[in-house]
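# Structure assessment
As a plain string of letters, each chain reads:
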Amino acid sequence: MQDALNAILAKAAAEFPALASRPEFEAAKARFVGPNGELTAVLKRMGSVPKEERPAAGRMVNEAKARLQAVLDASLARIEAAAEAARLGPAVDPTLPSPDPGPGKYHPLTLVREEMCRIMHKVGFSVADGPEVETEFYCFDALNTPPEHTARDPQDTFYFPPSARFGNVARKNPGEKYLLRTHTSSVQIRTMLKGPPPIRIVSPGRAYRRDTTDATHSACFHQLECLSVDRNVTVRDLKALIDHVFSSLLGPDTKIRFRPHYFGYTEPSFEVDLSARHLPKVNKEWIEIGGCGMVDPSVFASVGYDPAVWTGYAFGMGLERLAMLLYAVDDIRYFYQNDLRFLGQFS
Ligand code: DAH
């Protein structure tokens with residue numbers, strides 16, 4: 001019996017130190033001490049050992065069991081330590097200088113947003129805010145967007161399931177759906193419902209559309225909205241403001257052009273193109289930068305302003321497009337990757 005036990009122990013001593021993983025360990029352990037294991041087989045034979053030899057045989061077996069257990073324990077401890085070390089990765093020396101890349105810098109979208117707000121602030125606009133989770137009323141209905149308009153299509157707009165509730169975003173109409181705002185124009189409505197004119201606000205923020213991401217599209221992007229409501233506001237005021245804003249931001253050689261367009265919330269409506277040949281990488285004469293127009297009387301009606309008294313203009317534009325022009329960035333995805341090699345280039 002001693003020979004059999006010694007052979008088992010020698011085999012275990014050769015096998016266990018070579019095991020590399022927990023499953024391998026469990027399989028090997030079963031081969032020794034499992035129901036059909038080699039040591040189990042010896043134990044089963046104890047019954048047939050003559051009575052007077054049993055105490056000595058029992059001692060032998062117990063000793064062998066203890067020695068095998070020590071081999072198992074050592075093997076398992078080694079395997080677990082290796083797994084832990086792999087999980088933790090290379091050793092860290094906390095006494096080395098920190099890999100801190102230095103003081104942080106502003107994100108290019110933040111820089112453009114802040115600069116736009118600063119320029120607008122100087123000419124009397126203050127910053128207004130609105131929620132990114134909106135209801136159909138603020139995003140579409142009050143902006144004179146008819147129920148069948150393509151902008152409302154679930155292929156273009158992210159809707160929340162009807163069961164979703166946002167306690168802090170009041171619904172105007174029972175049963176209206178919550179959505180992620182598709183433009184910052186919803187802030188126009190929120191601002192006008194808060195109080196009477198005159199109003200002069202600029203509202204930067206995120207907007208969401210069901211776009212497939214590529215070099216110029218992102219499902220989440222940033223816009224900047226502007227709204228001015230007062231007596232006797234005209235298209236001239238709108239054009240003058242836009243000229244001023246873009247020449248302040250991009251330099252006096254910047255030219256602006258209005259192209260007639262259709263938006264439900266403005267009449268007349270225009271798309272705004274700019275020409276800024278002095279910017280590196282701007283290789284087209286005219287680049288579309290946003291939309292604008294004179295606030296449609298139906299929008300005033302939906303917020304309770306008298307269209308016979310009040311007039312106003314609004315515009316909205318994408319901040320990514322502007323930042324791409326200003327900093328010659330040719331892929332929108334760079335803005336969201338948080339790569340310090342990209343972010344460290346702006347100040
Ligand atoms: N909301 C429009 C868009 O997302 C942009 C826009 C157009 C905003 C005309 C306005 C406007 O305020 O008057 O494309």
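This one's a predicted model, so the numbers in the text were calculated from it and none came from an experiment.

This paragraph deals with the pairing of strand E9 (residues 311-318). In terms of residue burial, E9 counts as a mostly covered element, since seven of its eight residues are buried. Alignment of strand E5 (residues 220-230) against E9, held across eight bridges, turns out to be antiparallel. When the bridges of E9 are listed, Cys-226 appears paired with Phe-315. Here strand E8 (residues 287-295) pairs with E9 via five bridges, running antiparallel. In the strand pairing of E9, Gly-293 is matched with Ala-314.

If you look at soluble globular proteins, the nonpolar side chains tend to sit buried side by side. Core analysis: the largest hydrophobic core is formed by 45 residues, its most contacted members being Ile-242, Phe-246, Phe-315 and Leu-322. When near neighbours in sequence (up to four residues on either side) are disregarded, Phe-246 contacts Gly-251, Thr-254, Ile-256, Leu-274, Ile-289, Met-317 and Leu-322. Phe-137, Tyr-138, Val-187 and Val-299 belong to the second-largest nonpolar core, a separate cluster that totals 21 residues.

Okay, the domain arrangement of the chain next. Per the domain assignment, the segments of the chain are domain 1 (2-88) and domain 2 (108-343). When each unit is reduced to the centre of its C-alpha atoms, the spacing between domain 1 and domain 2 is 73 Å.

As a further point, take the side chain of Thr-182. Tracing the sequence through the fold places Thr-182 in the loop between strand E3 (178-180) and helix H7 (186-194). Residues contacting Thr-182, with those up to four places away along its chain left out, are Cys-139, Phe-140, Thr-157, Ala-207, Tyr-208, Arg-209 and Phe-221.

Further remarks concern the site of the ligand. The immediate surroundings of the ligand are formed by 15 residues, with His-183, Arg-209, Gln-223, Glu-225 and Tyr-265 found nearest. Between the ligand and Gln-188, the relevant distance is 3.0 Å, taken from an oxygen atom to a side-chain nitrogen or oxygen of the residue. Here an oxygen atom of the ligand sits 3.2 Å away from a polar atom, N or O, in the main chain of Ala-314. With the chains in place, 89% of the 360 Å² that the ligand exposes on its own is no longer accessible. Split by residue class, the shell around the ligand holds five nonpolar, eight polar and two charged.

Procedures and definitions
Residues numbered from 1 in each chain as written. Predicted model: local features only at pLDDT ≥ 70, side-chain atom pairs only at ≥ 80, totals over all residues. Heavy atoms only, no water. Buried < 20%, exposed > 50% of the residue type's maximum accessible area, 1.4 Å probe, protein only. Helix = DSSP H or I, 4+ residues; strand = E, 2+ residues; numbered from the N terminus. Pairing = 2+ DSSP bridges. Core = buried A, V, L, I, M, F, W, Y, C linked by side-chain atoms within 4.5 Å. Contact = heavy atoms within 4.5 Å. Domains from an automatic or database assignment. Near = heavy atom within 4 Å. Polar contact = N/O pair within 3.5 Å; in protein donor to acceptor, adjacent residues only side chain to side chain. Areas by Shrake-Rupley, 256 points an atom, 1.4 Å probe, with all protein chains shown as cover. Nonpolar A, V, L, I, M, F, W, Y, C, P; charged D, E, K, R; others polar.

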